[in-house]
Amino acid sequence: MQPLDPTSLQIVTYPHPALRYESKALRRVDTTLRSVVERMFELMYAHRGVGLAANQVNLPLRLFIMNPAGKTGEGEEWVFINPVLSRPRGNDEDEEGCLSLPGVVGNVVRPKKVRVHAFDLQGNEIDREFSDYEARIVQHEADHLNGVLFIDRLSEGARVEVEEQLHAFELEYQTQQRMGTIPEEADIMAQLAKIESAYCS
Ligand code: NI
């Protein structure tokens, strides 16, 4: 099995099992992990995203990144390690998408404001309230760390509308697994467990 190579990381798409993985808290940050975060920003910008969670690049780590501007050199880059969300307030409905579900969109109702406690890559504490668009990103990404996708939060009607697209993703995944371009389930789980034991215990 390959050791963790940040440059080889790619975004995994639904229904890859890493997206349903409930990540454990990160216990150590090393130079490899810093390169992982760098690579995650690279991938996020390349795919025109505003947030990306570690399990979207097949890593079982409690970590996500965000840049609400979605462009290199613009906006603010955030790294949230072991984030804890609290004090949700208000209600807000807006359209969401996800880099792990390209082309799928739907309206999701979420609290309008949320407080986030986390650490950055340097070990500095983050304790801040986010609202509106930023609050939505933070909550969408924190969901990822718990194995939750925005499609799980769609209204029944909205879910029906994306069902066909989800089915197409499932068929494509099965095909790729048959062709061997995606490893077998057991190998994916073994790799996740290995990285988890290196960084989360
Ligand atoms: Ni997402």
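The rules behind these values
- Residues numbered from 1 in each chain as written.
- Predicted model: local features only at pLDDT ≥ 70, side-chain atom pairs only at ≥ 80, totals over all residues.
- Heavy atoms only, no water.
- Donors = N, O, S within 2.8 Å, 3.2 Å for Na, K, Ca; no water.
- Helix = DSSP H or I, 4+ residues; strand = E, 2+ residues; numbered from the N terminus.
- Buried < 20%, exposed > 50% of the residue type's maximum accessible area, 1.4 Å probe, protein only.
- Pairing = 2+ DSSP bridges.
- Phe/Tyr/Trp six-rings, centres within 6.5 Å; stacked < 30°, edge-to-face > 60°.
- 1 Å grid on protein atoms, 1.4 Å probe; cavity = no way out; pocket = protein on both sides within 12 Å on 5 of 7 lines; lining within 4 Å.
- Points joined across faces, edges and corners; volume = space filled by probe spheres on them.
- Nonpolar A, V, L, I, M, F, W, Y, C, P; charged D, E, K, R; others polar.
- Polar contact = N/O pair within 3.5 Å; in protein donor to acceptor, adjacent residues only side chain to side chain.
- Contact = heavy atoms within 4.5 Å.

Put simply, a metal with four donors set out as a tetrahedron has ideal angles of 109.5 degrees, and one with six donors set out as an octahedron has ideal angles of 90 or 180 degrees. Distances from the nickel ion to its protein donors, namely Cys 98 (SG), His 140 (NE2) and His 144 (NE2), fall within the range 2.1 to 2.2 Å. Spacing between the donor residues of the nickel ion along the chain follows C-x41-H-x3-H. Here His 140 pairs with His 144, and both are found in helix H2 (residues 132-145), just 4 residues apart, close to one helical turn. In this pair, the class of His 140 matches that of His 144, namely buried.

Two faces belong to every sheet, and in a regular strand the side chains alternate between them. Because side chains alternate across strand S5 (residues 106-110), one face comprises the buried residues Gly 106, Val 108 and Arg 110, and the other comprises Asn 107 and Val 109, none of which is buried. Taken together, the 5 bridges between strand S4 (residues 92-96) and S5 define a ladder with antiparallel strand orientation. From the neighbouring strand, Glu 96 faces S5, where its bridge partner is Gly 106.

What follows deals with the packing of aromatic side chains. Counted by the stated rule, this structure contains 6 aromatic pairs. Geometrically, the ring pair formed by Tyr 14 and Phe 169 is edge-to-face, given 6.5 Å between the ring centres and 90° between the ring planes. Taken together, the residues Tyr 14 in the segment before helix H1 (31-46) and Phe 169 in helix H3 (residues 156-179) connect sequence positions 155 residues apart. Seen in terms of ring centroids, Trp 78 and Phe 130 are 5.2 Å apart; in terms of plane orientation they differ by 80°. Their pairing is edge-to-face. With Trp 78 in strand S3 (residues 78-89) and Phe 130 in strand S7 (residues 125-131), the pair connects residues that are 52 residues apart, well separated along the chain.

Moving on, we come to the layout of surface pockets. The calculated volume of the largest pocket comes to roughly 540 Å³. Residue lining of the largest pocket: 24 residues in total, with Ser 8, Val 12, Val 57, Asn 58 and Pro 183 positioned closest to the centre. Per-element tally for the lining of the largest pocket: the top contributor is helix H4 (residues 185-199), with 4 residues. By residue class, the composition of the lining of the largest pocket is 13 nonpolar, 9 polar and 2 charged. Of the pockets and cavities examined, the second largest pocket occupies roughly 260 Å³.

Residue His 140 is classed as buried on the basis of its relative accessible area of 7%. Reaching out from His 140, the side chain makes a polar contact with the side chain of His 144 at a distance of 3.2 Å. In contact with His 140, not counting residues within four places along its chain, are Glu 96, Gly 97, Cys 98, Arg 110 and Phe 150.

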